[in-house]
Structure formats: C-alpha cells, structure tokens
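Coordinate inspection notes
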Amino acid sequence: TLPSSLGQLASLIQIDVYSNYIEGTIPKEIGLMSSLDYVNFGKNTLTGTIPQEFCNLPNLETLNLKENSNFAEPLQGSLQCLCDTDTNKMLRKM
C-alpha cells in the first residue's frame, strides 16, 4: 500500500515502484508533491481511480500506470485535467 504520508515529501522528484506488488489505491496526497516529474506505478495491483490531485503536479512529465488492470474507471476520465477534451490529446507531455 502506498502511504498517504508520501505527500509530505514535497521535494521528491521521482517515484518508481514498478513491479513491487503494491495493492490499494493511489493516495490523493501525492498531489501535494509539486516537484514530481516522473511517476512509475506500473505492474502492480492498484485499485480505485487516479486522484484528481494529480492535476496539481505542474512538473509531471511521465506517468506510467501500465499493467494495473483493477482501476475502477478508464484512466483518461480520471485525468481529464491533463487532456484537451475536444481533441482527446494530452495537454502535457506524458
């Protein structure tokens, strides 16, 4: 499980927990980590949705969520703030 206390690491630039058998939801507190530019949650068993607080990550360039088949909704719907809803293209490089 990813702890909500991760949000206290405001200066952290990267999170890479690829293939670490992590279960549970992504804590919304990650949206407080304004320095993040790389997030790799790939190949885990995360559930729920992508928190809207990810929209608060101005430096985020890479977000890997591959091989997490237990999300409750399509990823794109969760990250509407990062997409142009008219063209369905990412507003930021991801």
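Residues numbered from 1 in each chain as written. Predicted model: local features only at pLDDT ≥ 70, side-chain atom pairs only at ≥ 80, totals over all residues. Heavy atoms only, no water.

A look at the environment of Leu36
Cut-off, in case you're wondering: Numbering goes from the N terminus for both helices and strands, where a helix is a DSSP run of H or I of at least four residues and a strand is a run of E of at least two. Two residues qualify as a contact provided that any one of their heavy atoms is within 4.5 Å of a heavy atom in the partner residue.
Mapped onto the fold, Leu36 is located in the loop between strand E2 (23-24) and strand E3 (38-40). As for Leu36 and Ile15, which are separated by 21 residues in sequence, their C-alpha atoms are 7.8 Å apart. Every residue in contact with Leu36, bar those within four places of it in the chain, is listed here: Leu12, Ile13, Gln14, Ile15, Ile30, Leu57, Asn59 and Leu60.

Quick look at the side chain of Asn44
Heads up, the condition is: Only protein chains enter the calculation, and the probe is 1.4 Å; a residue is then buried if its accessible area is under 20% of its type maximum, exposed if over 50%, and partly exposed in between. Counted as a polar contact is a pair of N or O atoms within 3.5 Å, where, for protein atoms, one must be capable of donating a hydrogen and the other of accepting one, and residues adjacent in sequence contribute only when both atoms are in side chains.
When you line up the elements, Asn44 lands in the loop between E3 and strand E4 (45-48). With relative accessibility at 6%, the residue Asn44 sits in the buried group. Reaching out from Asn44, the side chain makes a polar contact with the backbone oxygen of Val17 at a distance of 3.0 Å. Within the structure, Asn44 has its side chain in polar contact with the backbone nitrogen of Tyr21 (distance 3.1 Å). Ignoring sequence-local partners within four residues, the contact set of Asn44 consists of Val17, Tyr18, Ser19, Asn20, Tyr21, Ile22, Glu67 and Asn68.

Some points on the nonpolar core
For soluble globular proteins, the rule of thumb is that nonpolar side chains tend to be buried together. The criterion, for reference: Only buried residues count toward a nonpolar core. Its members are Ala, Val, Leu, Ile, Met, Phe, Trp, Tyr and Cys residues joined through side-chain atoms within 4.5 Å.
Counting 18 residues, the largest nonpolar core has Ile26, Ile30, Leu36, Phe41 and Phe54 as its most contacted members. Look past the residues within four positions of Phe41 in its chain and what remains in contact with it is Leu2, Ile15, Val17, Ile26, Ile30, Leu46, Phe54, Asn64, Leu65 and Asn68.

Thoughts on the sheet that holds E3
Selection rule: Two strands qualify as a pair provided that DSSP identifies no fewer than 2 bridges between them. Axis lines are fitted to C-alpha atoms, over the contacting stretch for helices. Their N-to-C directions set the angle, which ranges from 0 to 180 degrees.
Spatially, the three strands line up as an open sheet ordered E1-E3-E5, and their pairing is parallel. Single-partner strands in this sheet number two, and they are strand E1 (14-16) and strand E5 (62-64). Across this sheet, the average inter-strand angle for adjacent strands is 10°, counted without regard to direction. Looking at chain direction, E1 and E3 are connected through three bridges and run parallel. Bridged to Asp16 within E3 is Asn40.

Comments concerning the environment of Gln14
For Gln14, the location among the structural elements is in strand E1. Spatially, the C-alpha atoms of Gln14 and Tyr38 are 4.8 Å apart, while their sequence positions differ by 24 residues. Setting aside its immediate chain neighbours within four residues, Gln14 contacts Leu36, Asp37 and Tyr38.

Concerning the confidence of the model for the protein
For the record, the criterion: On a range of 0 to 100, pLDDT expresses the predictor's confidence in each residue.
In this model, the protein carries an average pLDDT of 82, and 74% of its residues clear a pLDDT of 70 or more. The least confident element of the protein is strand E8 (residues 89-90), whose mean pLDDT is 50; the most confident is E1, at 97.

Details of the side chain of Asn68
Within the secondary structure, Asn68 is located in the loop between E5 and strand E6 (70-71). One polar contact links the side chain of Asn68 to the main-chain amide nitrogen of Thr45, over a distance of 3.5 Å.

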